[in-house]
Amino acid sequence: MKTAGIQVRNLRVETLQEKNPRLLVGPLDLRILPGEILALVGESGSGKTLTLRALAGVPPRGLGITASPGDLPLSSRCGMVFQDPFSYFNPRWRMFRSIAEVLRVVRKVPREKIAPLVESLLESVGLSREEGELFPFEMSGGMAQRSAIAIALAVDPQVLCADEATSALDPATRDRILHLIAEICRQRCMAAVVVSHDLPGLVGHADRVVVMYRGLAVEEGAAEVVLRESRHRYTDFLVRCHPGIHTRGGKLPEIPPDAFKAEDEVSQHQRGCPFAGRCPGAAELCLQEMPPWQGGSTHRFRCFYPARGTTP
Ligand SMILES: Nc1ncnc2c1ncn2[C@@H]1O[C@H](COP(=O)(O)OP(=O)(O)OP(=O)(O)O)[C@@H](O)[C@H]1O
């Protein structure tokens, strides 16, 4: 059983052009405890996937990752689960063989020990031996995602990294998969980093959420606390934009467009609050200075003029 968590300090992902390299993520400090499920939430383009890929040591081509010495790479200790498992299964292999190949190639498991290990991996994700004999095209989305988790577990990871792994599933299946990830993490004392747009959907599954905006963390804490008592104006919008929570049949509130032109964004990102250009509560100070972290160890946020802290 593994006991160490993961800590990454000063994580940065940037483009590798010599002229005008762009900082896409960071600087970001992340700490993930053993058995903990950490969720990265935020709008599209907020940097969740790049952060996850940086943690797993698999950045997209053309991007570089840096962090404090000794904190990276984590690649040998991360198992990845992606949004569309069908895109990376070998369509001509039964699932049993896909899992077996990871054990053989990555873990160098001796041939005679592979079958029982595959069976136990299938069992740990709630699939039978018979279901392991199916081809990917014969599987439902939920079964495919369970299989993808089994493949990720086959590398014996210290951290399971799931990138929108449940967003293509119906709510009940999504809940079952998140519950499964939580169970596995607790049993194996393994951490998980889960990327999602759906903050309310994470309550009851994620231990902690980090809300990201333009590559930076702006609020973090227990999922239910961040949902109920969001303090950063951006988180507040994210919560109120969620259908079914505060609005039934009406129009969802929209996050205002950015008041800054694209070329202003980089300097804004470096100087003041990254959300200042869209924030109805922004004042001169927000444009000039990056807000420091406020709050306690269980819930903190970076905002000079926070929201009330209790959603209606
Ligand atoms: N290979 C790349 N080269 C340059 N910029 C990139 C690259 N990949 C992502 N980006 C930019 O980095 C930012 C963060 O992207 P990222 O994919 O991490 O966002 P995200 O929060 O995961 O969004 P989504 O929820 O839509 O997947 C975006 O502005 C995106 O355009």
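This text goes with the structure placed above it.
Report follows, based on the coordinates. These figures come from a predicted structure and were not determined experimentally.

### Considering the overall build of the protein
Thinking step 1. When you go through the protein residue by residue, the secondary structure sums to 10 helices and 11 strands.
Thinking step 2. Across the 312 residues in the protein, those meeting the buried criterion constitute 48%.
Thinking step 3. For the protein, restricting intrachain contacts to residue pairs at least 6 apart in sequence, the fraction spanning at least 24 positions comes to 63%.

### Observations regarding the site of the ligand
Thinking step 1. Around the ligand, a shell composed of 14 residues is seen, among which Ser44, Gly45, Lys48, Thr49 and Leu50 lie nearest.
Thinking step 2. Serine 44 places a side-chain nitrogen or oxygen 2.4 Å from an oxygen atom of the ligand.
Thinking step 3. Within the side chain of histidine 197, a nitrogen or oxygen atom sits 3.0 Å from an oxygen atom of the ligand.
Thinking step 4. When isolated, the ligand has an accessible area of 640 Å², and the protein chains bury 64% of it.
Thinking step 5. Top contributing element to the shell around the ligand by residue count: helix H1 (residues 48-56), with three residues.
Thinking step 6. Classifying every residue of the shell around the ligand by side-chain character gives four nonpolar, six polar and four charged.

### With respect to helix H8 (residues 233-240)
Thinking step 1. Of all eight residues making up H8, six are buried, and the element is well covered by its neighbours.
Thinking step 2. The set of residues buried in H8 consists of Tyr234, Thr235, Asp236, Phe237, Leu238 and Val239.
Thinking step 3. Residues of H8 that are buried make contact with helix H6 (199-202), strand S8 (208-213), strand S9 (216-221) and helix H7 (223-228).

### Quick word on the state of the cysteines
Thinking step 1. Scanning the model with the defined rule gives zero disulfides in all.
Thinking step 2. Of all cysteine sulfurs in the structure, the one in cysteine 303 sits closest to cysteine 279, which takes part in no disulfide; the separation is 6.0 Å.
Thinking step 3. Here cysteine 286 is not disulfide-linked; the sulfur of cysteine 273 is the nearest cysteine sulfur, at 6.3 Å.
Thinking step 4. For cysteine 286, a relative accessible area of 7% corresponds to the buried category.

So, how was this worked out
Residues numbered from 1 in each chain as written. Predicted model: local features only at pLDDT ≥ 70, side-chain atom pairs only at ≥ 80, totals over all residues. Heavy atoms only, no water. Helix = DSSP H or I, 4+ residues; strand = E, 2+ residues; numbered from the N terminus. Buried < 20%, exposed > 50% of the residue type's maximum accessible area, 1.4 Å probe, protein only. Contact = heavy atoms within 4.5 Å. Near = heavy atom within 4 Å. Polar contact = N/O pair within 3.5 Å; in protein donor to acceptor, adjacent residues only side chain to side chain. Areas by Shrake-Rupley, 256 points an atom, 1.4 Å probe, with all protein chains shown as cover. Nonpolar A, V, L, I, M, F, W, Y, C, P; charged D, E, K, R; others polar. Disulfide = S-S within 2.5 Å.

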